[in-house]
Amino acid sequence: MPLSDSNAPTSGLPDDLDVPVEVWNADGSGDVLVLCEHASNHIPARYDGLGLSHADSESHAAWDPGARAVALGLAQALDAPMVASRVSRLVYDCNRPPEAPSAMSAKSELIDVPGNRDLDDAARAERTDAVYRPFCAAVSELIEKRTLEGRPPVLITVHSFTPVYYGKPRAVEIGILHDTDTRLADLMLEAAPALPNRLVERNSPYGPEDGVTHSLVLHGVNNGLANVMIEIRNDLVRDSAEEAQMTEELLVLLRPALAHLAAAASATEGADNA
């Protein structure tokens, strides 16, 4: 599937799913690739709303509020490409492999998803082909293109999380998540004192044991790319002003970390050429 460089909104999409993935700024000059797997709550008509109420389809269960705006802000600031799913994660969660039950969950926290109950193999395969594979193909195409150009990207994925989960409040405000490759996360956490009014934590409110690092492993670790997953508490990104503020705060963590990685890569290249 060819890349489509688009600023189009993530709602009102054709029901035939011709454009399940958004690619913004594919030719950006920055050495970063930004992903947003849960950017949209759009449920194509073929899935009949998954049997959800309007309130549930607008809730955090269906998408990550604020995540796309922050991902786009980071991509703009870093002149980086952004790849975002245009389809609700309740149709298919692009941060899960096809074999994972949570790729098409029948229940999300306290919300039942009737349209995901008892899906047979054919139904799961249809969603995998319609939503997940085009997303992965877009990411892989950008990584391959940039790697061949001699500028393998740093991978950054952006998510948001609910401030209350199963009735329990969450204090963490920004989570810096990683799997086996901790390079970028370590550097960002070293910079965290520059945000003294934010509670920034490692692998919180989720970690690899929760199955949330699929994209990091598939697209980052497996390609030898430095990578990080950023989780933002969604009551901190309720409107455009808060989204812009959060973007700037994350850049306080990212810019020195990215500069350190670039310097280390340059030093290694210089040593190899000596």
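A brief report on the enclosed structure follows. (Residues numbered from 1 in each chain as written. Predicted model: local features only at pLDDT ≥ 70, side-chain atom pairs only at ≥ 80, totals over all residues. Heavy atoms only, no water.)

1. Examining the overall build of the protein
Reasoning step 1: Within the protein, the regular secondary structure consists of 6 helices and 11 strands.
Reasoning step 2: For 274 residues, the compact-globule estimate of 2.2 N^0.38 gives 19 Å, and the C-alpha radius of gyration of the protein, at 18 Å, lies within 12% of that figure.
Reasoning step 3: The C-alpha extent of the protein, read off along each of the three principal axes, is 60 × 40 × 35 Å.
Reasoning step 4: Here the protein, with 274 residues, has 55% of them falling under the buried criterion.
Reasoning step 5: Considering only residue pairs separated by 6 or more positions, the protein has 80% of its internal contacts joining residues 24 or more positions apart.
Reasoning step 6: Across the protein, the centroid of the 21 positively charged side chains sits 3 Å from that of the 42 negatively charged ones. (Helix = DSSP H or I, 4+ residues; strand = E, 2+ residues; numbered from the N terminus. Rg over C-alpha atoms; globule rule 2.2 N^0.38 Å. Buried < 20%, exposed > 50% of the residue type's maximum accessible area, 1.4 Å probe, protein only. Contact = heavy atoms within 4.5 Å. Lys, Arg positive; Asp, Glu negative; His and termini not counted. Charge placed at Lys NZ, Arg CZ, Asp CG, Glu CD.)

2. Describing the nonpolar core
Reasoning step 1: With 43 residues, the main nonpolar core has Ile156, Val158, Ile176, Leu184, Met188 and Ile230 as its most contacted residues.
Reasoning step 2: Elements with a contribution of two residues or more to this core: strand 2 (32–36), helix 2 (67–78), strand 3 (82–85), strand 6 (154–161), strand 9 (174–177), helix 4 (183–191), strand 11 (227–233) and helix 6 (240–273).
Reasoning step 3: Ranked by residues supplied to this core, first place goes to helix 6 with 8 residues.
Reasoning step 4: Discounting chain neighbours no more than four positions away, the residues touching valine 158 are Val34, Leu35, Cys36, Ala67, Val70, Ala71, Leu74, Ile230 and Ile232.
Reasoning step 5: Of all hydrophobic cores here, the second largest spans 32 residues; its members include Leu50, Phe135, Ala138 and Leu142. (Core = buried A, V, L, I, M, F, W, Y, C linked by side-chain atoms within 4.5 Å.)

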